[in-house]
Amino acid sequence: MSFKTSFKNTELDPIYAGSSAIATISEDGTLLATPILDEINIVQLKPSQKKLVTISNDDEQEITALKLTPDGKYLCYVSQAQLLKIADIGTGKIMRSMKISSPSYIMDSDLTSTLVAVGGTDGAIIIVDIENGYITHSFKGHGGTISSLKFYGEIHSNTWLLCSGDTNGVIKIWDLVKRKCIYTVQEHNSAVRGIDIRLKSEDSDLLEMISGGRDDIINLWELNTKKKCTLLKTIPAHQQVEACGFINVDSLRNIVYTAGGNAVLQFISLDNGAIVRKSKQPIEELFIIGVLLINKGSELYAVFSDQSLHFFNIESIFKLENNKMEFAFSNSIAGNHGTIADMKFVGSNLNKLALATNSPTLRVIPIPNDMNEDHLPIDVEMYEGHEDLLNAVDSTEDGVWLATASKDNTAIVWRYNLETNKFQPYAKFIGHSASVTAIGLPNVTLKNWPEYLLTASNDLTIKKWSIPKPTGPASINDKIHTLRSSEYTRRAHEKDINALSISPNDSIFATASYDKTCKIWDLDTGELKATLANHRRGLWDVSFCQFDKILATCSSDKTIKIWSLDTYSVLKTLEGHTNAVQRCCFINKQKQLVSTGADGLVKIWDCSNGECMTTLDGHSNRIWALSVLDDGNLIVTADADGIFQFWRDYTEEQKELDIEKEKLKVEQEQSLQNYIANEDWTNAFLLAITLDHPMRLFNVLKQSLDYICEEDNNDNTIVFNKQLDQVISTLNADQLLLLMKRCRDWNTNAKTHIIAQKTIRCIMLHHNISELTEIQGMIKIIDGIIPYTQRHFARIDNLVEQSYILDYALVQMDKLLS
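As the structure is a computational prediction, the values presented were derived from the model and not from experiment.

Here is what the cut-offs are and how they apply
Residues numbered from 1 in each chain as written. Predicted model: local features only at pLDDT ≥ 70, side-chain atom pairs only at ≥ 80, totals over all residues. Heavy atoms only, no water. Helix = DSSP H or I, 4+ residues; strand = E, 2+ residues; numbered from the N terminus. Rg over C-alpha atoms; globule rule 2.2 N^0.38 Å. Lys, Arg positive; Asp, Glu negative; His and termini not counted. Charge placed at Lys NZ, Arg CZ, Asp CG, Glu CD. Pairing = 2+ DSSP bridges. Buried < 20%, exposed > 50% of the residue type's maximum accessible area, 1.4 Å probe, protein only. Patch = residues over 30% accessible without salt bridge, like charges linked within 9 Å, V, L, I, M, F, W, Y side chains within 5 Å. Areas by Shrake-Rupley, 256 points an atom, 1.4 Å probe, with all protein chains shown as cover. Salt bridge = Lys/Arg side-chain N within 4 Å of Asp/Glu carboxyl O.

1. Comments concerning the overall build of the chain
Along its length, the chain carries 10 helices and 58 strands. The C-alpha atoms of the chain give a radius of gyration of 36 Å, which is well past the 28 Å a tight globule of 818 residues would have. If you line up the chain on its principal axes, its C-alpha atoms span 135 × 85 × 45 Å. Distance between charge centroids for the chain: 4 Å, based on 80 positive and 104 negative side chains.

See the structure below:
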């Protein structure tokens, strides 16, 4: 019987989470820097997506602001410890670190990647030379926290400016050449969050500036050489502005963008103040916290408050069919997915995962490619349809039909469009009076579409719905069906229903509830067939076996139970988790079962005897979601921190490796015996220390004492023999540390301590003591050797003293006899 016992995992971690700092990107859009608590991830977006380096903040303080230089060579960031640090992206090492006067939440770099400006909560601004690490300018004058910064410069000219805005609505423009403030204006009555400045026209020396604030307006300014800054117009933005700027496309010079409240990116005409384009407002309550311009302003990423980044091509937006007002983003990057409640394999090739997260939006992500471990699958497809967070998902066997259950009391069936390779809503089911907590689609789809849907709800009922027959292939123009009446409704449990599972032949289905029971139902009629009650606490999951008439339930009582569907009795109880068991699923043709728990562990069980065969430890938080592909060849788990583990069956490969290791071990054992027989102590010792087996090494040292020659015996500097002493004198730091560890262990036993003491003496004779103490970990090992050495010497002293008493007694006995 072949069991799956070894798994190789690929981890997918959040890249952007838990920080108030806004992500930053290089000008060409190839590098992205994202904070996650006290670390910063440098992610390559083009030509392939992969994580290049993680920069750790040594002071373990949360990152508050960061900025990639436009050329992508340096990263500047500030933490809550009020330290400005500059890192080299190529090496990932910190080049500079300097203390700043106050916390900072805003930074900007100039277009030459030479300077970085840092604005503080005390109203002060410093400008730092990035490569040389010194402060070039220090400006004071703002009465509030600096809330926006923007460099402007013309290469080969004396026009170098820095624009700054604060939380009081004051804007200052600083001349970097003359090192002074040349304009101070205040037309905002709230924090200024966006500033942009440009040359008004090619044949003019006038500048124009736009500013946007949390007072829901944008202001257009004109600057001239006479130190006059004129407000040209004020335009209502109809949103809280968190970012704004000019469009650097010749045909769109009279258009500006704003982003912020309601998570909407909009484009406004400077001619008449009208909104000419705007992004579709998401159902979820989000807002845009920043905008990252790339490729000379022709493209941008909008950074949302859920740490997702949405890509927009500006020229494409203005080429929409029929000049549509609303537009959607073309693709997205997920910084994190929050808590994963459920997931299923979907797509025509089952190469994607559909996620139910703590969000109303259905998320679909690609599965990491096992052949390319550097690949980072951070792309995400987002589908709106629900108005509250998702509780569960289910899919058909072919992956082209998907169902979602939501806290908004509804369920939606989604259909995969093979032309666009995207899902689109097909039917919405309205009828439950409380959150829909579990959902099920048929295992058998004889007519190329799932004919029914099962739902379970916190209203304690289960419903069976009929899914309308499709009239043809999926089309983007298809209208969503709305169904309000079910085939049947049954009151199922006394407490929340946490899971639902359909039998392989679609004849029955099972529900698991927090009322400690699992119930078996006739699928056609909805009549109760059996109640399984043997758990001591509420149930979290139930799963049918595809190859036998058994099912498994898991519970908060830390156990999994396997039940017979013939007798409805418990066949096996699997115990081993230290906390609630959240999910379970049969694998390997019912021979094994995989389970996940609140203890963060994944366990593989032998169904025949109920023994745990393997424990996979890759999570540090409760594992809510489990999905299995290809009968257990791929197992995916996801936890409350949004961390995914992709476990691939590695059993056969591991067996081959074990055979090779055993073969190598036998060969090395034989070689070791041959070296000893031939008195080749150099190779014998080096092989023994390579094998890293304490007793093999001990035996080599011990047997070498039996072969010591008379010449060596007369030399007090020889401990073992010339050959062995010579090789010990050439050991490197790692080998010396390992040998001293072995001496420490041997020294604890009276039978083996002599070899330990001789080895230590040999090391001391041939190595510099000061160099030995510099080896990391050596002092700790020596501290462990000294107490036992003192004990051995004390025991020898006692033996010597006792030998004197024995000699005295024998002498006295001889006197009596004479």
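That shown, we press on.
2. With respect to the sheet that holds strand S3 (residues 31-36)
Pairing in this open sheet of four strands is antiparallel, and the strands run S2-S3-S4-S5 from one edge to the other. Lying at the two open borders of the sheet, with one neighbouring strand each, are strand S2 (24-25) and strand S5 (50-56). Two strands pair when backbone bridges link them, and S3 and strand S4 (residues 39-44) are joined in this way by six bridges, in the antiparallel orientation. Each residue of the ladder has a partner; that of Ile36, found in S4, is Glu39.

3. Focus on unusual backbone geometry
Cis geometry is found at the peptide bond from Lys46 to Pro47, where omega equals 0 degrees. Looking at the secondary structure, you find Pro47 in the loop between S4 and S5. For Lys296, which is not a glycine, the phi torsion comes out positive at approximately 60 degrees. Relative to the helices and strands, Lys296 resides in the loop between strand S26 (288-294) and strand S27 (299-304). Note on Lys296: relative accessible area 69%, which makes it exposed.

4. Thoughts on a negative patch on the surface
On the surface, a cluster of negative charge is made up of Glu653, Glu656, Glu660 and Glu667. Among the structural elements, Glu656 can be located in helix H2 (residues 651-677).

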